[in-house]
Amino acid sequence: MTDEQIMEAVKTGDLQQASMLFDRYHKRLFNFLARMAMDRELAEDLTQNVFLRMIKYRNSYREGAKFQSWIYQVARNVFSDHYQTIKNRKSDFVDVEKIGDRMAESDETSMMDEQERLLHRSMALLSEEQRELLVLTRYQQMKYEEVATIMDTTVANIKVKVHRAIAKLREHYFELEKI
Amino acid sequence: MEKEKLEGLIIDYIDGRLSEEEKASLEKELANNADAYQLYEQTREVMQAMDRSAKLEPSFKLKKNFDQILKEEIAQQKPTKVVSMYPTLYRAAAAVFLVLSGVAIGYWINKNQQREAEMLALQQQMQEMREIMISKLGNQESASQRMIAVSQVMEMEKPDDEIVKVLVKTMNEDVNTNVRMAALDALSKFHQDPLVRRELIKSLAKQKDPVVQIALIQLMVQMKEKGVVNDLQKIVDDNKSMKAVKDEAYTGLLRLS
């Protein structure tokens, strides 16, 4: 069954099917949110919220729409709502120094090599939009077309922005490397 | 070549998106221009780093919690499911109900039916929102859920007593400082309401979290609430109060008395 067929079933009331969509998407969405929030525990919480919204607002899924684009739009909303809510209250939006701790599980810490650590820190210095573009296109290997649908813009626009984001990341990366 | 354009070409080159012609021209540039070659090397390194980056694994808790949520949703859905299986019948029943209630309201009240219906819908909406909010506030597993619930209250024009009570409880007892602060923020929006005002004043004497204490004192000053002078004095005299809290209480005292 395609994702879309399953979502249609969920929409018409067969909620049990939602667990199939959870199985297919939770790791991807968790990775997306963990890379965005740079905090694993929070990312689990947010991933949970994405699926909760998927069930609660199942009627907002339009027939024929690509499920992947829709669920990522939900995930983006969950992420931005979270930061809207706590905006102004949390000064260390992303604390670059602590990223290693929040991202890695204890037994993985030693395995995280220098290059990856440097990459995390450089990612944290990007704007939220740039980080999002790189997470989607590079980490999640999504096509520009799909990202354009999710962000509701043109492919050309995405391409230009991704190029700029990579350039910015490269700058931060080699600046941090010097330190 | 302009740097931004060169970088764009390098990225597309690494991704294998260039035409043969573009590829040949870029390769020539890389061979002849040391800066361009360095740019290529660096870009390739960060792109490879991203592509190689390890996938993160969520904990088992995520699946467990989802199964629980799904179970609850399915349980909640049961009574309405029967109705939704017969949409036509449901619509017909709803239409009959609307007509009948319209007539009844018109008959009994002899006033604008539409306004009545709107009010009913509004009340129902409030009721639903309230239930969702209260259940979210009770979600001990997720601070962000409780946070969302509090922010929903902020959007209300005027909360009812039950919501005020839940908010006060959250402000006084929630384990998370951010959630407690958010509850205080929401309450302060409605400080004109006598119940909210009373509860805020009561909380000042009970509150132990310094961050919330300071925010409360500031609010009292803003509300020009002279009734808390004694409580402020107690905070100033209490050896256990934090210095920042004492200072704030002292400033408050000066401004209120």
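Residues numbered from 1 in each chain as written. Chains lettered and ligands numbered in written order. Predicted model: local features only at pLDDT ≥ 70, side-chain atom pairs only at ≥ 80, totals over all residues. Heavy atoms only, no water.

Caption draft 1: The arrangement of the nonpolar core in detail. Ranked by size, the top nonpolar core spans 68 residues in total, and within it Met 54, Phe 67, Ile 71, Met 123 and Leu 134 of chain A carry the most contacts. No other element matches helix α2 (residues 18–37) of chain A, which puts eleven residues into this core. Those residues in contact with Met 123 of chain A, other than ones at most four positions away along the chain, are Met 38, Arg 131, Leu 134, Val 135, Tyr 139 and Leu 169 of chain A. Core analysis: the next-biggest nonpolar cluster, separate from the first, contains 41 residues, Met 147, Val 166, Leu 219 and Val 228 of chain B among them. (Core = buried A, V, L, I, M, F, W, Y, C linked by side-chain atoms within 4.5 Å. Buried < 20%, exposed > 50% of the residue type's maximum accessible area, 1.4 Å probe, protein only. Helix = DSSP H or I, 4+ residues; strand = E, 2+ residues; numbered from the N terminus. Contact = heavy atoms within 4.5 Å.)

Caption draft 2: Here's a closer look at the packing of aromatic side chains. Scanning all chains against the criterion turns up twelve aromatic pairs over all chains. For the ring pair Tyr 37 of chain B and Tyr 40 of chain B, a centre distance of 5.7 Å and an interplane angle of 45° mean the geometry is tilted. Separated by three residues within a single helix, Tyr 37 of chain B and Tyr 40 of chain B lie in helix α3 (residues 34–52), roughly one turn from each other. Ring pairing ties together the aromatic residues Tyr 25, Tyr 61, Phe 67 and Trp 70 of chain A, which thus form one cluster. In this structure, Arg 28 of chain A packs its charged tip against the face of Tyr 25 of chain A, placed 4.2 Å from the ring centre. In this arrangement the basic side chain of Arg 17 of chain B is found over the ring face of Tyr 144 of chain A, its NZ or CZ atom lying 4.3 Å from the centre. (Phe/Tyr/Trp six-rings, centres within 6.5 Å; stacked < 30°, edge-to-face > 60°. Lys NZ or Arg CZ within 6 Å of the ring centre and 35° of its normal.)

Caption draft 3: Region of the structure containing the packing of helix α8 (residues 128–139) of chain A against helix α9 (residues 144–151) of chain A. All names here are of chain A. Relative to each other, α8 and α9 sit at 140°, their axes nearing to 10 Å. Put simply, α8 runs oblique to α9. The handedness of the crossing between α8 and α9 comes out as right-handed. Touching Glu 132, Leu 133, Leu 136 and Thr 137 of α8 are Tyr 144, Val 147 and Met 151, all from α9. Its residues assigned to classes, the contact of α8 with α9 shows five nonpolar, one polar and one charged. (Axes fitted to C-alpha atoms, helices over the stretch in contact; angles between N-to-C directions. Parallel < 35°, antiparallel > 145°, perpendicular 65-115°, else oblique. Left-handed = near helix turned anticlockwise from the far one by under 90°. Nonpolar A, V, L, I, M, F, W, Y, C, P; charged D, E, K, R; others polar.)

Caption draft 4: Structural context of the interface of chain B and chain A. In this assembly, 48 residues from chain B lie in contact with 48 residues from chain A. Around 4700 Å² of area is buried between chain B and chain A when both sides are counted, 56% of it from carbon and sulfur atoms. Counting every contact that joins chain B to chain A gives eight salt bridges. The salt bridge partner of Lys 56 of chain A is Glu 73 of chain B, with a shortest N-O separation of 2.8 Å. Between the two partners, chain B and chain A, sit 19 residue pairs in polar contact (both at pLDDT 80 or more). Those elements giving two or more residues to the side of chain B that touches chain A turn out to be α1 (3–14), α3, α4 (60–84), α7 (143–154) and α9 (177–189) of chain B. A total of twelve residues in the side of chain B that touches chain A trace back to one element, the largest contributor, which is α4 of chain B. Split by residue class, the side of chain B that touches chain A holds 19 nonpolar, 13 polar and 16 charged. (Buried area = accessible area lost by both parts, 1.4 Å probe. Salt bridge = Lys/Arg side-chain N within 4 Å of Asp/Glu carboxyl O. Polar contact = N/O pair within 3.5 Å; in protein donor to acceptor, adjacent residues only side chain to side chain.)

Caption draft 5: Expanded view of the pattern of salt bridges. Scanning the model with the defined rule gives 25 salt bridges over all chains in all. In this structure, Arg 76 of chain A engages Glu 132 of chain A in a salt bridge whose closest nitrogen and oxygen atoms are separated by 2.6 Å. Remark: Glu 132 of chain A occurs in helix α8 and Arg 76 of chain A occurs in helix α4 (residues 67–86); sequence separation between them is 56 residues. The class of Glu 132 of chain A is buried, set by a relative accessible area of 8%. The partner of Glu 41 of chain B in a salt bridge is Arg 44 of chain B, with the nearest N and O atoms 3.3 Å apart. With a gap of three residues between them, Glu 41 of chain B and Arg 44 of chain B both fall in helix α3, about one helical turn apart. Within this structure, Arg 138 and Lys 159 of chain A together with Asp 12, Asp 15, Arg 17 and Asp 51 of chain B form a network of salt bridges that share partners.

Caption draft 6: Quick peek at helix α1 (residues 3–11) of chain A. Residues and elements named next belong to chain A. Along α1, the residues that are buried comprise Asp 3, Ile 6, Met 7, Ala 9 and Val 10. What you see down the axis of α1 is that its buried residues fit within an arc of 155°, all on one side. Looking one or two residues past α1, Gly 13 carries a phi angle of roughly 115°, positive in sign. (Arc of directions from axis to C-beta.)

Caption draft 7: Seen up close, the confidence of the model for chain A. In this model, chain A carries an average pLDDT of 87, and 85% of its residues clear a pLDDT of 70 or more. Predicted confidence for residues 106–110 of chain A stays below pLDDT 50, and this span has three contacts to residues more than four positions away or in other chains. (pLDDT = per-residue confidence, 0-100.)

Caption draft 8: Broad picture of empty space enclosed by the protein. According to the stated counting rule, one finds one cavity of 30 Å³ or more in the structure shown. Computed from the structure, the largest cavity encloses a volume of approximately 50 Å³. Looking at the largest cavity, the residues that line it are Leu 46, Asn 49, Arg 53, Val 78, Asp 81, His 82 and Thr 85 of chain A together with Ser 144, Met 147 and Ile 148 of chain B. If you list the elements that add at least two residues to the lining of the largest cavity, you get α3 (40–56) and α4 of chain A together with α7 of chain B. Among the elements that make up the lining of the largest cavity, the one with the highest residue count is α4 of chain A (four residues). A per-class count over the lining of the largest cavity returns four nonpolar, four polar and two charged. (1 Å grid on protein atoms, 1.4 Å probe; cavity = no way out; pocket = protein on both sides within 12 Å on 5 of 7 lines; lining within 4 Å. Points joined across faces, edges and corners; volume = space filled by probe spheres on them.)

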